[in-house]
2 protein chains.
Amino acid sequence: MTVSLLVVGSIALDSVQTPFGSTADALGGSAVFFSYAGCLLHPVQIVGVVGNDYPFDRLERLAERDVDLTGVTKVDGESFRWKGKYSYDLQNRETLETRLGVFADFQPRIPESFRDAEYVFLGNIDPELQLGVLDQIHTPKLVACDTMNYWIQGKRDVLLELLRHVDVLLVNDSEARELSGDWNVYRAARWILEQGPRQVVVKQGEYGAVLMGTEGTFYVPGYPLEDVFDPTGAGDAFAGGFMAHLARSGDLSHENFRRAMVYGSAMGSFAVERFSVDRFDEIGHAEITKRVRQFSDLVRFEIVPEQERVGG
Amino acid sequence: MTVSLLVVGSIALDSVQTPFGSTADALGGSAVFFSYAGCLLHPVQIVGVVGNDYPFDRLERLAERDVDLTGVTKVDGESFRWKGKYSYDLQNRETLETRLGVFADFQPRIPESFRDAEYVFLGNIDPELQLGVLDQIHTPKLVACDTMNYWIQGKRDVLLELLRHVDVLLVNDSEARELSGDWNVYRAARWILEQGPRQVVVKQGEYGAVLMGTEGTFYVPGYPLEDVFDPTGAGDAFAGGFMAHLARSGDLSHENFRRAMVYGSAMGSFAVERFSVDRFDEIGHAEITKRVRQFSDLVRFEIVPEQERVGG
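Keep in mind the model is a prediction, meaning the values are calculated, not measured. Residue numbers here run from 1 along each chain, matching the order of that chain's written sequence. Chain letters and ligand numbers both follow the written order, the letters beginning at A and the numbers at 1. For a predicted model such as this one, the threshold for reporting local features is a pLDDT of at least 70, and the threshold for listing and counting side-chain atom pairs is 80 or more; totals across whole chains, interfaces and linings nevertheless cover every residue. Hydrogens are left out, water is left out, and the side-chain values use all remaining heavy atoms of the structure.

So, the interface of chain B and chain A
Stage number 1. Listed per partner, the contact involves 60 residues of chain B and 59 residues of chain A.
Stage number 2. Note on chain B versus chain A: buried area summed over both sides is about 5300 Å², and carbon and sulfur give 52% of it.
Stage number 3. It is W183, E226 and F301 of chain B in chain B that bury the most area against chain A; as a group they hold 14% of the surface buried on that side.
Stage number 4. Throughout this description, the term salt bridge denotes a Lys or Arg side-chain nitrogen within 4 Å of a carboxyl oxygen of Asp or Glu. There are 10 salt bridges connecting chain B and chain A. By the convention used here, residues are in contact when the closest approach between their heavy atoms is within 4.5 Å. In this description, buried area is defined as the sum, over both parts, of the accessible area (probe of 1.4 Å) that is lost when the two are combined.

Have a look at this one:
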């Protein structure tokens, strides 16, 4: 039987301006990016909320790809909309508008058929809601979560309580720094590991991501992209590739977490090559396999013991 | 016969303030960091200038380690002094004072015994002087150089002329961006390759460094240091490890350039663990070998083909 993989998070409509163009009301949100990336590797169960203005038909493509939309609730009101603008070098972004709409009152209710989920990803929502999701899952094998500075500042105690119940925290470097109060990302990661998670993934944007845990430290560089189009959703696509690889293999060994990091990084690199989730409409098994092999080539080197002497 | 490795660059006295302490008139300069790191792998010939106030006896440690100081000229006047202060997170530094002293009139004269040098590193000095050095070398096998924003802005044409005569350019990411006028480091690197060098190394500080050339792209992450003490000299120590590994092996294959990147990154990581060149007084073959193996472990992963199917 297939291992079940559940994601709970936002389902949004993004309007993004980059130096290369703009989109209006494009598919976005953590659960959407996660699902688009993850479903290329493994079936996904998605839980989220949309307003009755949501172009639901555009989520149907996910249903065609083994994403179970049973947990997507349609509620009277406006869908969550985010509008943002990136700087010329894509290094900074400014939020122009956030309209939470029906997402403001999101109370994730996990459908009965999803409560046996074995692999669970808690997208970036209020940590109280993330804890509430865990209460509804019977016996998860692996729980991973994301968060953001807003919750680190505003709901620190609840977030720390949540960390005692998750196996993997995925954050970016500024979040790791803010959460731990330590500017060194490796010390920050060690601090996070003391709060509960057995593993922590610190994402460093274009530079790559590091996995730290008791069994070792692993670094995957960012894929060397000459054309980055829209960085939105890269972190959630990373999480989708990461979790979906773990779920499809059902293997929680350290060696397999390393591979999951590479699949995550591959999915993150695809996400930024087009607006919204558009790139995931273009790729399949062949492109993913190729990119993972390119990661392997990117970092490979062999030590030649006879060269290791002083003085040539 | 041993392959000869020559470095031309600054020999300075650095006064550095970090959150962890400060030094006054400590050994510094590109040629000094290069030599301290490089000589742990291979003999080095150094060309530079010092004032008659320089604590020359402190360079004698280099002589004990197969660094040929024949090319260090002592001139009446003050030695080159740099004073700088790092921010609390070591991410930014402010130059408090630069006194060029005798370095202002530095005209590198390569001793007769160094003119057969096969591997040459041109540290960050005026590109006219870098070209002048090359005129004095008979038939180098590999020429690498560094530069900085000051020369990119002030002597762009001479720098571009220099690039037509070097095999490898080592720069940091901001320099690559400024030189090429492109904020994407991979496009910037490709632009640089079109100017002459067969390979370009873009250093990205704590994140690592990328090698780009016609035979492939290689990424080495930064070593995960929990305690960074003083970033000064990391780039020159990188260059020392990189060039010294190439020289000791006499191997200019792409595979060996990958290894050189790792030895460079290892030396850069040692440099920042103490003030000045102090860390290089503590390490030898065992520590270097260990760190290079840690780099290998940091990035290793194996693809399992039977996992590469969709839908677990």
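Brief notes about the sheet that holds strand 10 (residues 142-146) of chain B
Residue and element names in this part refer to chain B.
Stage number 1. If you walk across this open sheet you meet the 9 strands as 6-5-1-9-10-11-12-13-14, and the pairing is mixed. Single-partner strands in this sheet number two, and they are strand 6 (67-75) and strand 14 (216-221). In this sheet, adjacent strand axes meet at a mean angle of 15 degrees when their direction is disregarded.
Stage number 2. When DSSP finds at least two bridges between two strands, those strands are taken to pair. Secondary structure elements are taken from DSSP: a helix is a run of H or I of four residues or more, a strand is a run of E of two residues or more, and numbering for both begins at the N terminus. Bridge analysis of strand 12 (residues 199-203) against strand 13 (residues 208-213) gives 5 bridges, and the strand direction is antiparallel. With axes taken as lines fitted to C-alpha atoms, and helix axes fitted only over the stretch in contact, angles between N-to-C directions fall between 0 and 180 degrees.

Things to note about the side chain of R248 of chain A
Stage number 1. Relative to the elements of secondary structure, R248 of chain A occurs in helix 8 (residues 234-249).
Stage number 2. We define a polar contact as two N or O atoms separated by no more than 3.5 Å, with the added condition that, inside protein, one atom must be a possible hydrogen donor and the other a possible acceptor, whereas residues neighbouring each other in sequence contribute only through side-chain atom pairs. Looking at R248 of chain A, its side chain comes within polar contact range of the side chain of H245 of chain A, at 3.2 Å.
Stage number 3. Within the local environment of R248 of chain A, its side chain forms a polar contact with the backbone oxygen of Q307 of chain B, the two atoms lying 3.0 Å apart.

Considerations on the sheet that holds strand 10 (residues 142-146) of chain A
Pairing between the strands of a sheet comes from backbone hydrogen bonds, and it takes one of two forms, parallel or antiparallel.
Residues and elements named next belong to chain A.
Stage number 1. Pairing is mixed across the open sheet formed by 9 strands, whose spatial order is 6-5-1-9-10-11-12-13-14. Only two strands of the sheet have a single partner each, and these edge strands are strand 6 (67-75) and strand 14 (216-221). When strand polarity is set aside, the average angle formed by the axes of neighbouring strands in this sheet is 15 degrees.

Let's talk about the packing of aromatic side chains
Stage number 1. Note on ring pairs: Phe, Tyr and Trp rings are taken, using the six-membered ring of Trp, and paired if centres are within 6.5 Å. Classes follow the plane angle, with under 30 degrees stacked, over 60 edge-to-face and the rest tilted. What the rule picks out here adds up to 21 aromatic pairs over all chains.
Stage number 2. An angle of 25 degrees between the planes, with centres 5.6 Å apart, marks the rings of F103 of chain B and F106 of chain B as stacked.
Stage number 3. Burial classes: relative accessible area under 20% of the type maximum marks a residue as buried, over 50% as exposed, and values in between as partly exposed (1.4 Å probe, protein chains only). Relative accessible area serves as the criterion here: at 6%, F106 of chain B is assigned to the buried category.
Stage number 4. Taking the centre distance of 5.9 Å and the plane angle of 55 degrees together, the rings of F242 of chain B and F257 of chain B count as tilted. Of this pair, F242 of chain B sits in helix 8 (residues 234-249) while F257 of chain B sits in helix 9 (residues 254-271), placing them 15 residues apart in sequence.
Stage number 5. An aromatic cluster is defined as three or more aromatic residues linked by ring pairs; in this entry it consists of F20, F229 and F275 of chain A.
Stage number 6. The cationic tip of R187 of chain A hangs over the ring face of W183 of chain A; the distance from NZ or CZ to the ring centre is 5.2 Å.
Stage number 7. Between the NZ or CZ atom of R291 of chain B and the centre of the ring of Y223 of chain B, over which it lies, the distance is 4.2 Å. Lysine NZ or arginine CZ positioned within 6 Å of the ring centre and within 35 degrees of the ring normal marks a charge as sitting over the ring.

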